[in-house]
Amino acid sequence: MKSITVFRQFGEMLVAIAIAPLFAGWIAQCRAWMQNRSAPPLIQPYRMLRKLFDKDVALAETASPLFRITPYILFGTMVLAAAIIPSLATDLPFARAADAIALIGLFATARVFLSLAAMDIGTAFGTMGARREMMIGFLAEPALLMILFNAFLLFGSTALPSLVDGYRAHPSLMDPSIIFAAVAFVMVLLAENARLPIDNPTTHLELTMIHEAMLLEYSARHLALVEWASNLKLFNYACIGFALFIPWGIATHSADGVVAMLISDAALAIKLIVAGAALALIESLSAKVRIFRAPEYLAMSFLLAVLGLLVHLLLGAKQA
Amino acid sequence: MPYTVPILNLLAACLLLISFAMLSRRRTQRLVNLFAWQGAILFLSTCLVAHSSGLHELYYSAALTLLLKVIALPLILHRLINRLGAQWDSETVVNIPLTMLAGLVLVIFAFGLAQPISMMATTITRNMLGIALAVILLSFLMMITRRKAVTQVIGFLAMENGLFFAATSATYGMPMVVELGIALDVLVGVFILGLFFFQIREQFESLDLRNMENLKED
């Protein structure tokens, strides 16, 4: 194994860990601007994390070891996911270990642990949040799988790096199914990351919470890790979207050297800035739906993904 | 142009996407906006077909689409809806997820049905016949599953969009006279239906078409 690939692999992981809070801060800033509020500074999430790491943990008496381990498991799974997703380069040693279906399994693992930890203390809100999270999760996962199948059909591979390589090899390939998959993906991204049509990330009302309700019992460094993990999750989802739909600029296997790395860095930065603004716009324009409407919302994204498959079969672009 | 067919395919997919979005929307004004978008995509695809096939007639029908379906009809419908105060149409006969599922089945049916027909067509856009058929059937489904008169009219207009798209993709459009006639029919139809809305509301104090069943004499 070349040392450059190892360097790339760890570079990509470190970039993901470092940038994820910044991305969350950028979205918060855009939202504030669009809603005519004065925006928090970009580095606000980092300040939050530092403040939380400085504090002492207040732990419930009934907390089991599971409750204490969960933040580390969450953070670990999200970092591993960031290592698998080709956000900067496709030539990654880790990416060969797991394809996109295993990636979804990784996200599911994190979800199971977070839900168990939320129920561990035994408070009503934690249990409620965990149940809601599982409901959203079990509806969002098949939709996400269908979206990925759309891309898999195009290139006959379930690994994200080979999808990106395939796109780069056939830049003129435009398949109409991509539109359906992209719309469905944005819907799933919003639902999975506790964003506005399904969950309000900034709410203070426990009864409407989904994601936040599960974190109510966490404090200090545990809370910091969980928050950081959810920032990483959002970053990872955005990078999956980039790999599936706009893979321009990602350094491929054949590309070598500093220039390709710089191009991929710049491309990722531009895509994150645009995607963050777009997410903030969608969130500002949409109102939170009732929890019982959430299945309808996710069923729609599932149907769109299935439609994408159908459209591909009818008028899919033939691979050169 | 090497990119004509892929772009046309993308536009056709957008058309189908908008049809599904129309099925899922509850607010009437959103429906009108979606209808305008559908017209805009129709305009673009007709222009592309005209450019690639070199038929100048198609430019006229594209311009007609732009004038009528993107500008005039949405304006008229918005004014009608504001006057009638009929912004909401939350009542559907079947709930929305089921409607969407039915829509999916219709799309499969339309694609299957169009497959042998499109084999016989010689145009570059023949694959899109399936999508045009699906758009027609989906608009039909919207007319069936909605209770308010305004939404049914929007469904009717969307169906006309689908027919127009079918004509462009299968045979490079209808003769100009026919197209002008249809355009005029649609315009007059919307005016007359607008009058009907006021009559219906005056009679029943609502635009719910279930009330019409009371008119039956036993």
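Residues numbered from 1 in each chain as written. Chains lettered and ligands numbered in written order. Predicted model: local features only at pLDDT ≥ 70, side-chain atom pairs only at ≥ 80, totals over all residues. Heavy atoms only, no water.

**A short note on the overall build of chain A**
Threshold: The way it works is that DSSP assigns letters per residue, a run of H or I at least four long becomes a helix, a run of E at least two long becomes a strand, and they are numbered from the N terminus. Both definitions apply: the radius of gyration is a C-alpha atom measure, and the globule rule equals 2.2 Å times residues to the power 0.38. Exposed residues in this analysis have more than 50% of their type's maximum accessible area, buried residues have under 20%, and partly exposed residues fall in between, with area computed by a 1.4 Å probe over protein chains only. Should any heavy atoms of two residues lie within 4.5 Å, those residues are counted as being in contact.
On a plain count of helices and strands, chain A comes out with 11 helices and 0 strands. For 320 residues, the compact-globule estimate of 2.2 N^0.38 gives 20 Å, and chain A sits close to it at 19 Å. In terms of its C-alpha atoms, chain A occupies a principal-axis envelope of roughly 60 × 45 × 40 Å. Burial status across chain A gives 55% buried among its 320 residues. Restricting the contact set of chain A to residue pairs at least 6 apart, pairs at least 24 apart contribute 81%.

**Observations concerning the pattern of salt bridges**
Residues and elements named next belong to chain A. This is how the line gets drawn: The salt bridge definition used is simple: a Lys or Arg side-chain nitrogen within 4 Å of an Asp or Glu carboxyl oxygen.
Taken as a whole and assessed by the stated rule, the structure comprises 6 salt bridges over all chains. Note that Arg31 is salt-bridged to Glu283, the shortest N-O span being 3.4 Å. With Arg31 in helix α1 (residues 3–34) and Glu283 in helix α10 (residues 258–285), this residue pair connects regions lying 252 residues apart in the sequence. Neither residue differs from the other here; Arg31 and Glu283 are each classed as buried. One salt bridge connects Arg195 with Glu283, and the closest N-O pair in it is separated by 2.8 Å. Highlighted residues: Arg195 in the loop between α7 (177–192) and α8 (211–214) and Glu283 in helix α10, separated in sequence by 88 residues. Residues joined in a network through salt bridges with shared partners are Arg111, Glu141, Glu192 and Lys233.

**Some details on the packing of aromatic side chains**
Test applied: Pairs were defined over the aromatic rings of Phe, Tyr and Trp, the Trp ring being its six-membered one, requiring ring centres within 6.5 Å. Orientation was assigned from the angle between planes: stacked under 30 degrees, edge-to-face over 60, tilted for the rest. Remark: a charge is flagged as sitting over a ring if the NZ atom of Lys or the CZ atom of Arg is within 6 Å of the ring centre and within 35 degrees of the ring normal.
For the coordinates displayed, the defined rule picks out 8 aromatic pairs over all chains. Chaining the aromatic ring pairs together yields one cluster made of Phe107, Phe185, Tyr237 and Phe245 of chain A. We note Lys69 of chain B situated over the ring of Phe164 of chain B; from NZ or CZ to the ring centre the distance is 4.4 Å.

**Details of helix α2 (residues 44–54) of chain A**
Residues and elements named next belong to chain A. Definition in use: Arc definition: directions from the helix axis to the C-beta atoms.
Within α2, the full set of buried residues consists of Pro45, Leu49 and Leu52. Along the axis of α2, the buried positions cluster into a sector of 65°, meaning they face one direction only. Set apart from the buried face of α2 by more than 90 degrees, the exposed residues are Arg50 and Asp54. Against the buried residues of α2 lie α1 and α9 (220–245).

**Some remarks on the packing of α9 of chain A against α10 of chain A**
Residues and elements named next belong to chain A. For clarity, the threshold we go by: Every axis in this analysis is a line fitted to C-alpha atoms, fitted for helices over the stretch in contact. Angles between the N-to-C directions lie between 0 and 180 degrees. Oblique is the label for any angle not under 35 degrees, not over 145, and not in the 65 to 115 range, which are roughly parallel, roughly antiparallel and roughly perpendicular in turn. For this scheme, ten residues count as nonpolar: Ala, Val, Leu, Ile, Met, Phe, Trp, Tyr, Cys and Pro. Four count as charged, namely Asp, Glu, Lys and Arg, and the remainder, Gly too, count as polar.
Between α9 and α10, the shortest axis-to-axis distance is 11 Å and the interhelical angle comes to 110°. Of the possible angle classes, the one that applies to α9 and α10 is roughly perpendicular. Each of Leu234, Phe235, Ala238, Cys239 and Phe242 in α9 lies in contact with α10, whose residues at this interface are Leu268, Lys271, Leu272, Ala275 and Leu279. Split into classes, the residues belonging to the contact of α9 with α10 amount to 9 nonpolar, no polar and 1 charged.

**Describing the interface of chain B and chain A**
By a frequent convention, interface size equals the accessible area lost on bringing the separate parts together. The cut-off we apply is this: Buried area is a sum: the accessible area each of two parts loses on coming together, probed at 1.4 Å, counted once for each and added. Here a polar contact is taken to be a pair of N or O atoms separated by no more than 3.5 Å, where protein atoms must pair a possible hydrogen donor with a possible acceptor and residues adjacent in sequence count only if both atoms sit in side chains.
Every contact between the two is made by 26 residues of chain B and, on the other side, 18 residues of chain A. Of the roughly 2000 Å² buried between chain B and chain A, counting both surfaces, carbon and sulfur atoms make up 83%. Considering only the surface of chain B that becomes buried against chain A, Leu10, Leu17 and Leu104 of chain B emerge as the three largest contributors, covering 25% of it. At the boundary of chain B with chain A, the tally comes to 0 salt bridges. On the surface where chain B and chain A come into contact, there are 0 residue pairs in polar contact (both at pLDDT 80 or more). Of all the secondary structure elements, the ones that give two or more residues to the side of chain B that touches chain A are α1 (4–24), α4 (96–120) and α5 (129–145) of chain B. Counted by class, the side of chain B that touches chain A contains 20 nonpolar, 5 polar and 1 charged residues.

**Some thoughts on the environment of Leu101 of chain B**
Residue and element names in this part refer to chain B. Position of Leu101 relative to the elements: it lies in helix α4. A relative accessible area of 44% places Leu101 in the partly exposed class. Separated by 64 residues in the primary sequence, Leu101 and Trp37 have C-alpha atoms spaced 23 Å apart.

**Let's talk about helix α3 (residues 57–84) of chain B**
Residues and elements named next belong to chain B. To be explicit about the condition: To estimate the expected span of a helix, count its residues, drop one, and scale the result by 1.5 Å. At every residue, the bend is computed as the angle between two fitted axes, covering the seven residues ending there and the seven beginning there respectively.
The end-to-end C-alpha distance of α3, which contains 28 residues, comes to 38 Å, matching closely the 40 Å that a straight helix rising 1.5 Å per residue would cover. Of all the bends in α3, the greatest reaches close to 30° and is centred on Ala72; the proline Pro74 follows between one and four positions later. All buried positions along α3 are accounted for by Leu58, Ser61, Ala62, Thr65, Leu68, Lys69, Leu73, Pro74, Leu77, Leu80, Ile81 and Leu84. The elements touched by buried residues of α3 are α2 (28–53), α6 (149–171) and α7 (176–204). Looking one or two residues past α3, Gly85 carries a phi angle of roughly 65°, positive in sign.

**Remarks on the side chain of Glu283 of chain A**
Residue and element names in this part refer to chain A. Residue Glu283 is classed as buried on the basis of its relative accessible area of 0%. Only 3.4 Å separates the side chain of Glu283 from the side chain of Arg31, close enough to count as a polar contact. Of the polar contacts made by the side chain of Glu283, one reaches the side chain of Arg195; its length is 2.8 Å. Beyond its immediate sequence surroundings of up to four residues, Glu283 is in contact with Ile27, Arg31, Leu190, Arg195, Leu196 and Pro201.

**Things to note about the confidence of the model for chain B**
In plain terms, the rule: A residue's pLDDT is simply how confident the predictor is in it, with values from 0 to 100.
With 92% of its residues at a pLDDT of 70 or more, chain B has an overall mean of 81. Taken element by element, chain B is modelled with least confidence in α7 of chain B, mean pLDDT 81, and with most confidence in α5 of chain B, mean pLDDT 88.

**Here we look at a nonpolar patch on the surface**
Residue and element names in this part refer to chain B. Applied cut-off: Each patch is built from salt-bridge-free residues with over 30% relative accessible area, joining like charges within 9 Å and nonpolar side chains (Val, Leu, Ile, Met, Phe, Trp, Tyr) within 5 Å. Surface accessibility follows the Shrake-Rupley procedure with a 1.4 Å probe radius. Residue values consider only the protein chains on display as shielding.
Together, Leu184, Val188, Phe191, Ile192 and Phe196 make up a nonpolar patch on the protein surface, roughly 490 Å² of accessible area in all. With respect to the helices and strands, the residue Val188 is situated in helix α7. Using a relative accessible area of 39% as the deciding quantity, one classes Val188 as partly exposed.

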